[in-house]
Protein chains: 2
Amino acid sequence: MSERSILLVEDDQNLGFVVKDNLELRGFHVDWARNGEEGLSAYKNKPYNICLFDVMLPQKDGFSLATEIRGLDRQIPILFVTAKGMQEDRIEGFKVGGDDYITKPFSMEELVYRIEVFLKRTSQERQPSRYQLGKFTFDYENLLLIKEEFKQNLTQKEADVLKYFADHTGQVVKRESILKAIWGEDDYFMGRSLDVFISKLRSYLKPDSAIEIANLHGVGFKLILNP
Amino acid sequence: MSERSILLVEDDQNLGFVVKDNLELRGFHVDWARNGEEGLSAYKNKPYNICLFDVMLPQKDGFSLATEIRGLDRQIPILFVTAKGMQEDRIEGFKVGGDDYITKPFSMEELVYRIEVFLKRTSQERQPSRYQLGKFTFDYENLLLIKEEFKQNLTQKEADVLKYFADHTGQVVKRESILKAIWGEDDYFMGRSLDVFISKLRSYLKPDSAIEIANLHGVGFKLILNP
DNA sequence: CAATTTGTTAACGACCTGTTAAAAGCATAT
DNA sequence: ATATGCTTTTAACAGGTCGTTAACAAATTG
């Protein structure tokens, strides 16, 4: 992933070309998908810093696509391209988690500015910290794992590990990745320590059989949320 | 002059942008000057509710600027942004009236909290700032913690700490956040001093078992009000 | 079946916290 | 100036917590 990579999903050939071309001129790396399906599989292939979705797309619209991508990464900032006159309420509903939108027609300067602001803001803003994990609500900031009446206090490190999984729900997470992200480096003992944490988290999550931290032997783990 | 207008003088492009953008997101009006001269002429142009000056500026530094602006308005509250490790005495010397300072690096939450407290303190419509904490009434202005017949006098700092908790009831408050908000910075001894205050506050609050200042090991504290 | 990886539990020890008391600051009155 | 009374910081020590490590059982792989 380059420093500033963008996933553009736009069905209009002309607008798509112009946007991609201009953003690349300004130093962004842009992958351009023509429809929602293509966008989703591109996203699964590699991560991006920001998504730029036209709301009006054939088949899978921008909002549906956004919902699915949110399932893969709760953090990723999404900038919607909307047509003028669209009902504000529908857009507002999507402004959760730092999403934003830009209305057609727009100038390149405007778009680039919005992207810059967006990237800066999201890079230093504390990310939303409530996760829904099956029947549990995981409140990272307050180190709480809540199921109905019952509150389980977490330690900082337990919360860090669980957050890492929650941010990568359904994805394979390599031991190495978690260790580097949370412990800072990766050696045998830290690996064993991680196993102790996984064990603890599993015991916390036991009350909901729909959640599972699955091991992939020799690789890492995967947080699975069954429907 | 809008209700909450801020003059920001900051030469660092990135920090300046981020601070301006974030404060605007939170409803402040921000004018951003890149150096002292620019700041001074902006100030002459229109009045502000609060000034936010980086101490280290090219040419005219934050203190000189402050001195000149004091010549125009002896009341205006000034919040200095200082680098860590700067000699306290130099800052102290410049702290006139209600001035204060914040040490880099700081989070937006910290900055906004400081500004809010600052504005509240200096604004005419001083709100009564009474809090209901279980069976206690906490009167911040008058430094009183009252339960039925019994009145406990608080010191200013005790009241500051308790107010910080009251403003964040039920939330995890990091040691670092309290220290930066109330002491100005965060070192080992200030941390221990905070512990002494917590201990004292706990003893004051003991008569009501529904209130608890809980410790989160290695993280901070949480004021819990049980129903 | 042997080698390696993972799951689980318990013990250790570093570090963090609670509490009390003494020292240092600080403002006011003497 | 010096004393006084109050607040805050520093010190000292007792306890507690949690991440790591160890130890062993169980699972996975080839």
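Here's a quick rundown of the structure. Computed from a predicted structure; not experimentally measured.

## Here we look at the pattern of salt bridges
Then, in step 1: This model, assessed by the stated rule, comprises 11 salt bridges over all chains.
Then, in step 2: Ionic pairing is found between A:Asp195 and A:Arg192, a salt bridge with its closest N-O pair at 3.1 Å. Here A:Asp195 pairs with A:Arg192, and both are found in helix 8 (residues 188–205), just 3 residues apart, close to one helical turn.
Then, in step 3: On the basis of relative accessibility, which here comes to 43%, the residue A:Arg192 falls in the partly exposed class.
Then, in step 4: Where B:Arg130 meets B:Asp139, a salt bridge forms, and the shortest distance between an N and an O atom there is 3.6 Å.
Then, in step 5: Residue class for B:Arg130 comes out exposed when judged on its relative accessible area of 53%.
Then, in step 6: Taking the relative accessible area as the measure of exposure, B:Asp139 reaches 2% and is therefore buried.

## A closer look at the protein's contact with DNA strand D
Then, in step 1: What surrounds DNA strand D is a group of 19 residues, the closest being A:Phe189, A:Ser193, B:Thr155, B:Phe189 and B:Ser193.
Then, in step 2: Within 4 Å of the protein, atoms of DNA strand D come from sugar and phosphate in 79% of cases.
Then, in step 3: Between DNA strand D and A:Thr155, the relevant distance is 3.0 Å, taken from a phosphate oxygen to a side-chain nitrogen or oxygen of the residue.
Then, in step 4: Residue A:Trp183 places a side-chain N or O atom 2.9 Å away from a phosphate oxygen belonging to DNA strand D.
Then, in step 5: Looking at the surface near DNA strand D element by element, the count peaks at 6 residues for helix 8 (residues 188–205) of chain B.

## Quick notes on the packing of helix 6 (residues 156–166) of chain B against helix 8 of chain B
Residue and element names in this part refer to chain B.
Then, in step 1: Put simply, helix 6 and helix 8 touch, their axes get as near as 10 Å, and they point 80° apart. Of the possible angle classes, the one that applies to helix 6 and helix 8 is roughly perpendicular. The residues of helix 8 that touch helix 6, namely those facing Lys 157, Glu 158, Val 161, Leu 162 and Phe 165, are Leu 194, Phe 197, Ile 198, Lys 200, Leu 201, Tyr 204 and Leu 205.
Then, in step 2: Looking at the contact of helix 6 with helix 8, its residues break down into 9 nonpolar, no polar and 3 charged.

## Details of the packing of aromatic side chains
Then, in step 1: Under the criterion given, the structure shown has 11 aromatic pairs over all chains.
Then, in step 2: Measuring from centroid to centroid gives 5.7 Å for A:Trp183 and A:Phe197, while their planes differ by 75°, and the two rings are edge-to-face. With A:Trp183 in helix 7 (residues 175–183) and A:Phe197 in helix 8, this residue pair connects regions lying 14 residues apart in the sequence.
Then, in step 3: Taking the relative accessible area as the measure of exposure, A:Phe197 reaches 16% and is therefore buried.
Then, in step 4: Each member of the aromatic cluster is reached from another via a ring pair, and the members are A:Tyr131, A:Phe138 and A:Tyr140.
Then, in step 5: Taking the ring centre of B:Trp32 as reference, the NZ or CZ of B:Arg34 above it sits at 3.5 Å.
Then, in step 6: For the cation-ring pair, B:Lys163 lies above B:Tyr140, with the distance from its terminal atom to the ring centre recorded as 5.4 Å.

## A few points about helix 6 (residues 156–166) of chain A
Then, in step 1: The element helix 6 of chain A is extensively covered by neighbouring structure, given that 9 of its 11 residues are classed as buried.
Then, in step 2: Listed as buried for helix 6 of chain A are A:Glu158, A:Ala159, A:Asp160, A:Val161, A:Leu162, A:Lys163, A:Tyr164, A:Phe165 and A:Ala166.

## Section: the sheet that holds strand 11 (residues 211–216) of chain A
Residues and elements named next belong to chain A.
Then, in step 1: Spatial ordering of the open sheet is given by 10-12-11, a layout of 3 strands whose pairing is antiparallel. Either end of the sheet is taken by a strand with one partner, and the two such strands are strand 10 (172–174) and strand 11. When strand polarity is set aside, the average angle formed by the axes of neighbouring strands in this sheet is 25°.
Then, in step 2: With 3 bridges connecting them, strand 10 and strand 12 (residues 220–225) associate as antiparallel partners. When the bridges of strand 12 are listed, Val 172 appears paired with Lys 222.
Then, in step 3: Its contacts with the sheet put helix 6 on strand 10, strand 11 and strand 12, and the angle it makes with strand 12 is roughly 70°.
Then, in step 4: Where helix 7 meets the sheet, it contacts strand 10 and strand 12, and its direction lies at approximately 65° from that of strand 10.

## Regarding the sheet that holds strand 6 (residues 130–133) of chain B
All names here are of chain B.
Then, in step 1: With respect to topology, 4 strands assemble into an open sheet ordered 6-7-8-9, the strand pairing being antiparallel. Two strands lie at the open edges of the sheet, namely strand 6 and strand 9 (150–153), each paired on one side alone. In this sheet, adjacent strand axes meet at a mean angle of 20° when their direction is disregarded.
Then, in step 2: For strand 7 (residues 136–139) and strand 8 (residues 144–147), the ladder comprises 3 bridges, and the chain directions are antiparallel. What sits directly across from Phe 138, in strand 8, is Leu 145.
Then, in step 3: Here helix 6 sits on the sheet and contacts strand 6, strand 7, strand 8 and strand 9; the angle it forms with strand 6, its principal contact strand, is near 70°.

## Structural notes on the pairing of strand 11 (residues 211–216) of chain B
Residues in a regular strand project their side chains so that they alternate between the two faces of the sheet.
All names here are of chain B.
Then, in step 1: Direction of pairing for strand 11 relative to strand 12 (residues 220–225): antiparallel, over a ladder of 6 bridges. Across the sheet, residue Ile 211 finds its bridge partner in strand 12, namely Leu 225.
Then, in step 2: Taken together, strand 11 and the strand that follows it, strand 12, pair antiparallel across an intervening segment of 3 residues, in which Gly 218 is found at a positive phi of about 80°.

## Let's talk about helix 2 (residues 36–45) of chain A
Residue and element names in this part refer to chain A.
Then, in step 1: Three or more residues of helix 2 are buried, namely Gly 36, Gly 39, Leu 40, Ala 42 and Tyr 43. What you see down the axis of helix 2 is that its buried residues fit within an arc of 165°, all on one side. For helix 2, the exposed residues set more than 90 degrees away from the buried face come down to Lys 44 and Asn 45.
Then, in step 2: At the N-terminal end of helix 2, a side-chain oxygen is found 3.1 Å from the backbone nitrogen of Glu 37, two or three residues along, and the residue is Asn 35.

Conventions and cut-offs
- Residues numbered from 1 in each chain as written.
- Chains lettered and ligands numbered in written order.
- Predicted model: local features only at pLDDT ≥ 70, side-chain atom pairs only at ≥ 80, totals over all residues.
- Heavy atoms only, no water.
- Salt bridge = Lys/Arg side-chain N within 4 Å of Asp/Glu carboxyl O.
- Helix = DSSP H or I, 4+ residues; strand = E, 2+ residues; numbered from the N terminus.
- Buried < 20%, exposed > 50% of the residue type's maximum accessible area, 1.4 Å probe, protein only.
- Near = heavy atom within 4 Å.
- Polar contact = N/O pair within 3.5 Å; in protein donor to acceptor, adjacent residues only side chain to side chain.
- Axes fitted to C-alpha atoms, helices over the stretch in contact; angles between N-to-C directions.
- Parallel < 35°, antiparallel > 145°, perpendicular 65-115°, else oblique.
- Contact = heavy atoms within 4.5 Å.
- Nonpolar A, V, L, I, M, F, W, Y, C, P; charged D, E, K, R; others polar.
- Phe/Tyr/Trp six-rings, centres within 6.5 Å; stacked < 30°, edge-to-face > 60°.
- Lys NZ or Arg CZ within 6 Å of the ring centre and 35° of its normal.
- Pairing = 2+ DSSP bridges.
- Arc of directions from axis to C-beta.

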